[in-house]
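Now for the letters of each chain:
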Amino acid sequence: MFRPGPEGEGVGGAQDGRRGKMRTISVTKVAVVAAVLALVAAGCTREEERAEDGDAGQQPAQSLLQVVQDRGTLRCGVNETVPGFGFLSPDTGEIEGFDIDFCRAIAAAVLGDAEAIELMPVSAEERFSALRAGNYDVLVRNTTWTSSRDGTEGIAFAHVNFYDGQGMFVRADSPYRRVADMDGTAICVTAGTTTELNLADYMAQLGLDYEAVTFEENPQLQQAFTRGRCDGWTSDKSQLAGLISAWPDEEGGPESLRLLPDTMSKEPLTPAVLDGDSDWLDAVFWVVNGLILAEELGVTGGNVDEMAADPPSALVASLLGVGLEGGAPLDSGLGLSVDFMQGVLRAVGNYGEIYDRHVGRDGLGLPRGLNALWSDGGLQYAIPIR
Amino acid sequence: MWTGPGSLGPRLAHGLRFTEMAGSSVAEVQRAAIWRNVRFLRVVGQLVFAVVVVWAFRELYLNLEYGVRRVGTDLSFDFLQTRSGIPIKEGIAYDPNQSYLRAYVVAVANTVRVAGIGVVLAMLLGLVIGVARLSPNWLVRKIAQVYVEVIRNTPVLIQIIFWYFGILFALPLIEGGLSLGGVAFLSQRGAAIPWPHIGEGAGAWGLWLLGGLVLAGAVWWWRTKVNERTGRPHHRVLWSLPVLVAVAAVGYAIVGDAVRLDVPEVAGRLYRGGFQLSGEFTGILVGLVIYTAAFIAEIVRGSILAVDRGQKEAAQALGLSPAQQLRFVVLPQAFRIAVPPLNSQFLNLTKNSSLAVAVAYPELSSVSSTMINQAGRPFQITMLVMATYLTMSLTISFVMNVVNRVVTRKGEGR
Amino acid sequence: MMDRVPTELERVAAMLKEEPVVEFAPRREPVAPSGWIRQNLFSGWFSGILTILVGAVVGYLGFGLLKWAFLTADWTVIKANLRLYMVGRFPPDELWRVWACVYLVTALAGLSWGVTRKRLAWTVRKAATRGALAVLALASLAYLLDGVRIWVLVGAVVVIYAAAVMAGRLGARRLHIPVIVGWVLAFPLIILLLRGFGGVPPERWGGFLLNVVVAVVGIVLSFPIGIVLALGRRSSLPVIRVSCIGIIEFVRGAPLYTWLLFGLFVLPFLLPAGVVLPNIVRAMIVVTVFSSAYVAEIVRGGLQGVHLGQYEAARAIGLSTTKMMAFIVLPQALRSTIPAMISHFISLFKDTSLLAVIGFIEALRIARIAPQGQFSGDLRETLIFAGLLFWMVAFAMSRWSQRLERRLGVGER
């Protein structure tokens, strides 16, 4: 490798140059090493200072709530491949679904603008890494609330927005009527989810042998199932309902599938944020809670303006952040504007409306089931705002 | 910092000034201003550079530490000893109750497996296609050209996914799977081929084999000497191979249960026995081999064309047949030329094995991605992964450098 | 017309008049088809067997492929998802911006093509193949697009040819600088078109558009960085040399996928607490840095190829280092690296498909998630279409690079 000539030290400088070069190199080396040591020493002391600041509290310097409000946009981690919950529609190019409406609700509450959102599709494998890296603020991606995620993985869960369970469907002409019949079969399951682990636990509990056929995305699982590679397909029942209803007619349409009666596990799907930021967690929690409370109190997207103008009860007044008969509105001190629920309801409606729009009678057609209000025999129970 | 005659200027100027300022001390005049002195500038420049670099790294490190503490994790590697809970479907012995470190080792073994077999197969296929591209037969030449043009210009990830999903699902299920004479099987479950199974007598038989090799080597040397002395054809292979085979057979018979052939069979929905290649492994292997072979074919073609035309003509003039020309004159020289670009293709294949994440083959990248998601220490894991890939790259480069030195030593001046 | 190869004098005269040099092969005896077959396909017994075997295999596979493509394959999945494929989540009413960029690029591409080509020799065979390709392209476009958009696309093709013809008319030599300036300006212009004047934020750019934009950003930004790294690697200052070698080897040692993971999940921790870069910007940074290391190695090879005498001559006429590098060394070095550089850029463009596994909605990701529901998850059609998109661009670029090489006389001087 060629480097052009000795340093041009001018006329007759060849020997001087060489001697000088040797001196230069050693001077350089010594100087560099000294500088590095000095800096490292300086760095150590700075670290201690910073460490002291950091230890002062596990709270971050600024809550994500403040950061989002300053930024003016809410970034949500979502799914783009699950019909009804988060689905990229080829017609409009937009991601729509149940979870997306919750994202818009949070944006309406925190920023006052339901459309100031940035939807970031994330896969199951990377959703938590991305949350920790701060790529988005809140994860609304049909994610199950588990203790290990709460604990070691450092995720904090807000209010359950969909109570689901894991189920399985098989071909209608197969001999399997319950999961217990499926010894020695191959079962399709999405990789990297609690579904895979629950399947393992459930089959072990029943003492059955099986083969897990895993892929990352639904189209590939669908291919495997239609080609007969697997005998059953397990996933959250809401997802299975979506898949069944969209089953192609060439493969026999929805009638060619049988949903087995077993519920293999509990899957409480919950929006999630990073641990250690209680202001942000509270904000997300109370938005979801507020939506359920609105349905309990009969406040809809349609009548929110009338209700706000003339609240029929103290509970409605507290919910909508207006004073009752000229009194002062309730400020729960959540860091949100007092009437945040009004904006939320105007943008997306209450819980029931969101459900019907995407998952219920105007969407996948799932009955409310576990997700009905507690007064109707379901599990959705709102914490009072007072 | 390159130096140039720029330093000449001040010296001349000072020289001129010297004639003006009679009586000034000589030492003063011969020294240029310190900030024009190139040696000084070089030292200071490097110092400043080093200071900036170290400061930048320190800032990054502090940010990292702060951020990591904010999410509640740390920068240590202790988590590697904890239970992983990651299911890994294939590879060396492992179960999810073992540590993250164990999972990592399994993943690395899988990468080495796919890269090693891939390099060998890609080399073979690339050689065939490369020679085909130079064939006088128009059909063969065109087919090879179409192959190279299509494969080289399509992203490797698309090809891997295509081979995996497109081909895997086109295969029949295991019940109606293809079988080669009942000993090898191919289906959606994967492939299973017969594989030698090491028995108890393997060590002893190994010694017999070693003895056989030594004996065969001696025969080889003897025949070469005969050839040199008398000029008669040596038929080295014809003499030493039967010797090796005879010794091996005798040893096998004497030792007993040395090596058995483990023939796979279809058991329900699984294969039992033999060497099983999962669908994922086959998918990424086929994708990588086909892709890299296209590049290797171009390297082979280029290196054969780069051999001096005079060599081929001289060989022709000596009366060698085209096959002999290729084998004795052209290919050895072409190989010499091809070694450096082949090195980079092998490195590319190893690095492209990271795309197995798309087909769920549990090699290094996909397992480390799962580990990051679960254990939540992206910095440590990413650094570990990079160090591993760097080590693999350096190893391959080292081996290829040795090969390079061996082949160029034999042919001086090329 | 001339029936012999032009002499050197005639050649020089033609060049001075800025006419394309008319080159001819020696007159060939027309070969009857049977003679051609015998010579090329059955020249020996081995060749004959090869022809039969390969022909049989290829015929069987090819027939099967054609049968699948026209009969069993369901191409409606592509039609339904075409907008997602090409622009992802780009808002439909802002698509005019994308069309504007397409026209800009095709005009420049046409000019570049015109600048590098020789006078087209339209033989019957070439006309037939090009006509067939054109018909095939139009048919598939007619199937995929409807109404207005197909005319807009045809308009783009017309622009290419018009620009090429215009370039030929105006004279290639005069257009060299304007074309290069045009390409350099095109890059910020495209970003402005997409983003400016109340435009679309980068998070919404998707589909093939995203691949192209990330590739272009990576190529444009990594070029100067790579040159700087290469020069630094050859520096006589040990600190700088070691740093550059370290950077280059470290970046090249890991696969792009690992670097993308680094960029997405580790980089946010390294940045100061308040600074937040959008995902796409981080991906572009990673791609740029990754590409710079490879560009540095290519440029290093080029620098090594520059003759020692050039350095000495430059010193002898008193050029400072900067001037020497800028006017003498780098032009020669870069010229000799053109084939390797273009091949690297093609490779970078193909590697943008990796963004699919990181979660970006670009062409390959659409290919993987599009066949849902009624399309029963069959990935073959969608993958082939995505592959075709990449292939067309990569193939065109590699053909253009071959032509450029011939024109610039790389390796001959």
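Residues numbered from 1 in each chain as written. Chains lettered and ligands numbered in written order. Predicted model: local features only at pLDDT ≥ 70, side-chain atom pairs only at ≥ 80, totals over all residues.

Q: Where do I start with the packing of helix 12 (residues 279–305) of chain C against helix 14 (residues 321–336) of chain C in this structure?
A: In helix packing, the relevant descriptors are the interaxial angle and the interaxial distance, both defined with respect to the helix axes. All names here are of chain C. Two numbers describe how helix 12 lies on helix 14: the axes approach to 8 Å, and their chain directions differ by 115 degrees. Our pair here, helix 12 against helix 14, has a crossing hand that is right-handed. The segment helix 12 lies against helix 14, with Val 299, Gly 302, Leu 303 and Gly 305 engaging Val 329, Ala 333, Leu 334 and Ser 336. The class makeup of the residues in the contact of helix 12 with helix 14 is five nonpolar, three polar and no charged. (Axes fitted to C-alpha atoms, helices over the stretch in contact; angles between N-to-C directions. Helix = DSSP H or I, 4+ residues; strand = E, 2+ residues; numbered from the N terminus. Left-handed = near helix turned anticlockwise from the far one by under 90°. Contact = placed C-beta atoms within 7 Å. Nonpolar A, V, L, I, M, F, W, Y, C, P; charged D, E, K, R; others polar.)

Q: Sorry if this is basic, but what is going on with the interface of chain C and chain B here?
A: Often, the extent of an interface is quoted as the loss of accessible area on bringing the components together. Every contact between the two is made by 46 residues of chain C and, on the other side, 51 residues of chain B. At the level of elements, helix 3 (45–72), helix 10 (238–253), helix 11 (256–270), helix 16 (355–358) and helix 18 (379–408) of chain C are the ones that each hand at least two residues to the side of chain C that touches chain B. Among the elements that line the side of chain C that touches chain B, the one with the most residues is helix 18 of chain C, at ten residues. Looking at the side of chain C that touches chain B residue by residue, the classes come out as 30 nonpolar, 14 polar and two charged.

Q: In this structure, what is going on with the environment of A:Gly298? I would like to understand it.
A: Mapped onto the elements of the fold, A:Gly298 is located in the loop between helix 9 (278–297) and helix 10 (304–309). Residues A:Gly298 and A:Gly352, spaced 54 residues apart in sequence, show a C-alpha to C-alpha distance of 9.9 Å.

Q: Would you take a moment to explain the nonpolar core for this structure?
A: Soluble globular proteins tend to pack their nonpolar side chains together in the buried interior. Membership of the largest hydrophobic core comes to 266 residues, with the highest contact counts inside it found for A:Cys103, A:Ile106, A:Val284 and B:Ile160. Residues C:Val115, C:Ala164, C:Ala167 and C:Val179 belong to the second largest nonpolar core, which totals six residues. (Core = buried A, V, L, I, M, F, W, Y, C linked by C-beta atoms within 7 Å. Buried ≥ 20, exposed ≤ 12 C-beta atoms within 10 Å, placed from the backbone.)

Q: I would appreciate a short explanation of the domain arrangement of chain A in the present structure.
A: Residue and element names in this part refer to chain A. Domain annotation of chain A identifies domain 1 (64–161 + 270–298 + 340–376) and domain 2 (164–266). One C-alpha centre belongs to domain 1, the other to domain 2; they are set 26 Å apart. Contact residues are listed per partner, giving 15 residues for domain 1 and 14 residues for domain 2. Considered class by class, the residues forming the side of domain 1 that touches domain 2 number seven nonpolar, seven polar and one charged. (Domains from an automatic or database assignment.)

Q: Mind showing me how you'd approach the sheet that holds strand 2 (residues 81–82) of chain A here?
A: Residues and elements named next belong to chain A. Spatially, 2-3-4 is the arrangement adopted by the three strands of the open sheet, whose pairing is antiparallel. Taken across any chain shown, the strands that pair with only one partner, and hence form the sheet edges, are strand 2 and strand 4 (95–96). The pairing of strand 2 with strand 3 (residues 86–88) spans two bridges and is classified as antiparallel. Counterpart to Val 82 in the pairing with strand 3 is Gly 86. (Pairing = 2+ DSSP bridges.)

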